[in-house]
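Structure at a glance
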Amino acid sequence: MSLAWQDYTEAQFQEVMDFAQEYMDFLSKGKTERRFLKLAIEKAEAAGYRNIEEIIKNKETLHPQDKVYMNQMNKSIALMHIGNEPLEQGMNILGAHIDSPRLDLKQHPLYEEGDLAFFDTHYYGGVKKYQWVTIPLAIYGVVVLKSGKVIDIEIGDKEDDPVFVISDLLIHLASKQMEKKATTVITGESLNVTVGSIPLKGEKTQAVKANILALLKDKYGFEEEDFISAELEVVPAGKARSCGLDSSLILGYGHDDKVCAYTSLQAMLEAKDLERTAVCLLVDKEEVGSQGATGMQSKFFENFVAEVLYAMGEGQDIQCKRAMLHSAMLSSDVCAAHDPNYADVSSPNDNMPKFGYGLAFNKYTGARGKSGCNDANAEYIAQLRAVMDQENVHWQTGELGKVDAGGGGTIAYILANYGMRVIDCGVPLHNMHAPHEIASKADVYEAYKGYKAFIKNMK
Ligand SMILES: [Zn+2]
């Protein structure tokens, strides 16, 4: 295991930087699961993927080297590139999640207080709430009218767009606030986004709110009650940027887990002439436990595999079961990189991922004695070592910090329920779940290389 930067030729170095730029552009445009999915489908269709719905409707037959995808409610997607081998011999599956911690608008979000209008929010995923005040914010999502019409909302990232903000108490009056614990200094219920201060002319009460409603009607075409069937997400405004004097790092919102999702997707779309079937799963709801119809616990992927088998003329239940059982999966999610500023929570003795050493494999995650972890089989890890080394991928191993310092989970255990081989792996980050997270460009590139090696060579 060596520092990837040391091994790059000049041409490789340029490739790493170029790949990172493409990723940053994608990340800046795909900040929410819906946006990411939309961009992913555009890319997939350009690469020859077709919607399985179309295949079903036209009663078409599928063949080896055909490429199909299933769009699950515009928030999760499964892509499959059918290999020459029978599907029941298993698939090579790349999985990652495309939801990220954020603030969601409540169903009755808009209110006025002290001649200011606000959006009331409920945070999504694990956040340090104090990190979300005083930074520029954008709002993305959909408002769905009773007619079924979908209004797309994207405010805060275009040059001329206004941004939003959550206020914090000025230091001059904060003597009491500064005594509080970090968990309570900003409470979840106080994460209210400031959205306006101009009153509607002539209106006597709630005039600022009335003005915002008039603006929403005028500019976006919806009324207050339409918020009830909306999904609007508040995320940090601004683009992902190169970070450091040497531009070796990326500072951006949503690396968790769009960095693994993007690299998996790229590896998937570039695959050619596959012997073994490849799958890329990009799923929603990981940050809140993977439940719901668009989370990994939903059966949509299994149903997709059954549909593909059926379209290949092999629709027996046992074939689907075998296809799942014989599969191998990289459950990719970001992990914690060693941070010298917080070295006391790192796992010692080369057991902590570090920036620049490449794709990190986590045999297990979990907390308090590995509780809730997937714990990949040694036999599978041995296969992975061979597959990665064959393609000169920089990779490392690591734990989620020091024993008993904390912990966390991923989607690995859900696919492991089918009896398939699964391991956690991903790109190491600093300040995971903060409004802006940090990743190393070398690790982003090596993850992409690792996923390509896995699709090509895993048996
Ligand atoms: Zn994650």
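Notes on the structure in this doc start here. (Residues numbered from 1 in each chain as written. Predicted model: local features only at pLDDT ≥ 70, side-chain atom pairs only at ≥ 80, totals over all residues. Heavy atoms only, no water.)

**Side note on the side chain of lysine 31**
- Residue position: lysine 31 is located in the loop between helix H2 (10-29) and helix H3 (33-46).
- Of note is the side chain of lysine 31, whose polar atom sits 2.8 Å from the side chain of aspartate 157.
- A distance of 2.7 Å separates the side chain of lysine 31 from the backbone oxygen of glycine 238, its partner in a polar contact.
- Apart from the residues within four sequence positions on either side, lysine 31 is in contact with Tyr140, Asp157, Val235, Pro236, Ala237, Gly238, Tyr253 and Lys258. (Helix = DSSP H or I, 4+ residues; strand = E, 2+ residues; numbered from the N terminus. Polar contact = N/O pair within 3.5 Å; in protein donor to acceptor, adjacent residues only side chain to side chain. Contact = heavy atoms within 4.5 Å.)

**A word on the coordination of the zinc ion**
- Every protein donor of the zinc ion is accounted for by His97 (NE2), Asp256 (OD), Asp333 (OD) and Asp333 (OD), and the metal-donor separations fall at 2.0 to 2.6 Å.
- One way to put it: the four donor atoms around the zinc ion meet at angles of 54 to 145°, and that makes the site irregular.
- Summarised as a motif, the one-chain spacing of the donors to the zinc ion is H-x158-D-x76-D. Pair noted here: histidine 97 is in strand S4 (residues 91-97) and aspartate 333 is in the loop between strand S14 (328-332) and strand S15 (335-336), with a separation of 236 residues, a long-range link. Accessibility classification places histidine 97 together with aspartate 333 in one group, the buried group. (Donors = N, O, S within 2.8 Å, 3.2 Å for Na, K, Ca; no water. Tetrahedral: all angles 85-135°; square planar, octahedral: opposite > 155°, others 65-115°. Buried < 20%, exposed > 50% of the residue type's maximum accessible area, 1.4 Å probe, protein only.)

**Overview of a nonpolar patch on the surface**
- Judged by side-chain polarity, Leu169, Leu170 and Leu173 come together as a nonpolar surface patch covering roughly 280 Å² of accessible area.
- As for its position among the elements, leucine 169 is in the loop between strand S8 (150-155) and helix H5 (182-185). (Patch = residues over 30% accessible without salt bridge, like charges linked within 9 Å, V, L, I, M, F, W, Y side chains within 5 Å. Areas by Shrake-Rupley, 256 points an atom, 1.4 Å probe, with all protein chains shown as cover. Salt bridge = Lys/Arg side-chain N within 4 Å of Asp/Glu carboxyl O.)

**A short note on the pairing of strand S2 (residues 67-72)**
- Bridge count between strand S1 (residues 50-51) and S2: two bridges; the pairing is parallel. Paired with asparagine 51 across the bridge in S2 is tyrosine 69.
- At this point the chain moves from S1, through helix H4 (residues 52-57), to the parallel S2, and the crossover so formed is right-handed.
- In terms of strand pairing, S2 meets strand S3 (residues 76-81) through six bridges, oriented antiparallel. Among the inter-strand pairings, tyrosine 69 is bridged to a residue of S3, identified as leucine 79.
- Hairpin connection, S2 to S3: the antiparallel pair is bridged by three residues, and methionine 73 has positive phi, about 55°. (Pairing = 2+ DSSP bridges. Right-handed = clockwise from strand over helix to strand, strands pointing away.)

**Points about helix H10 (residues 378-390)**
- Taking 1.5 Å per residue as the helical rise, H10 with its 13 residues ought to reach 18 Å, and the 18 Å between its terminal C-alpha atoms agrees with that figure.
- Within H10, burial applies to Tyr380, Leu384, Val387 and Met388. On an axial view of H10, the arc spanned by its buried residues comes to 95°, and they lie on one face. Exposed side chains of H10 directed beyond 90 degrees from the buried face belong to Ala378, Glu379 and Gln390.
- Of the surrounding secondary structure, the elements contacted by the buried residues of H10 are S14, strand S16 (359-362), strand S18 (395-397), strand S20 (421-426) and helix H12 (441-457).
- Phi turns positive one or two residues past the end of H10, at asparagine 392, with a value near 55°. (Expected span 1.5 Å × (residues − 1). Arc of directions from axis to C-beta.)

**Quick look at the packing of aromatic side chains**
- This model, assessed by the stated rule, comprises 15 aromatic pairs.
- The interplanar angle of 55° and the centroid separation of 5.8 Å between the aromatic rings of tryptophan 5 and phenylalanine 13 together place this pair among those described as tilted.
- Exposure remark for tryptophan 5: the relative accessible area of 24% places this residue in the partly exposed category.
- We classify phenylalanine 13 as partly exposed; its relative accessible area is 34%.
- With a centroid separation of 5.9 Å and 55° between ring planes, the pair formed by tyrosine 445 and tyrosine 448 is classed as tilted. In this pair, tyrosine 445 and tyrosine 448 both sit in helix H12, three residues apart, roughly one turn of the helix. (Phe/Tyr/Trp six-rings, centres within 6.5 Å; stacked < 30°, edge-to-face > 60°.)

**Looking at the environment of lysine 459**
- On the secondary structure map, lysine 459 appears in the segment after H12.
- On the accessibility criterion, lysine 459 (61% relative accessible area) is exposed.
- Distance from lysine 459 to histidine 326, taken between C-alpha atoms, is 9.5 Å for residues 133 residues apart in sequence.
- Contact partners of lysine 459, with chain neighbours within four places excluded, come to Arg276, Gln383 and Arg421.

That's the geometry; what it means functionally is another story.
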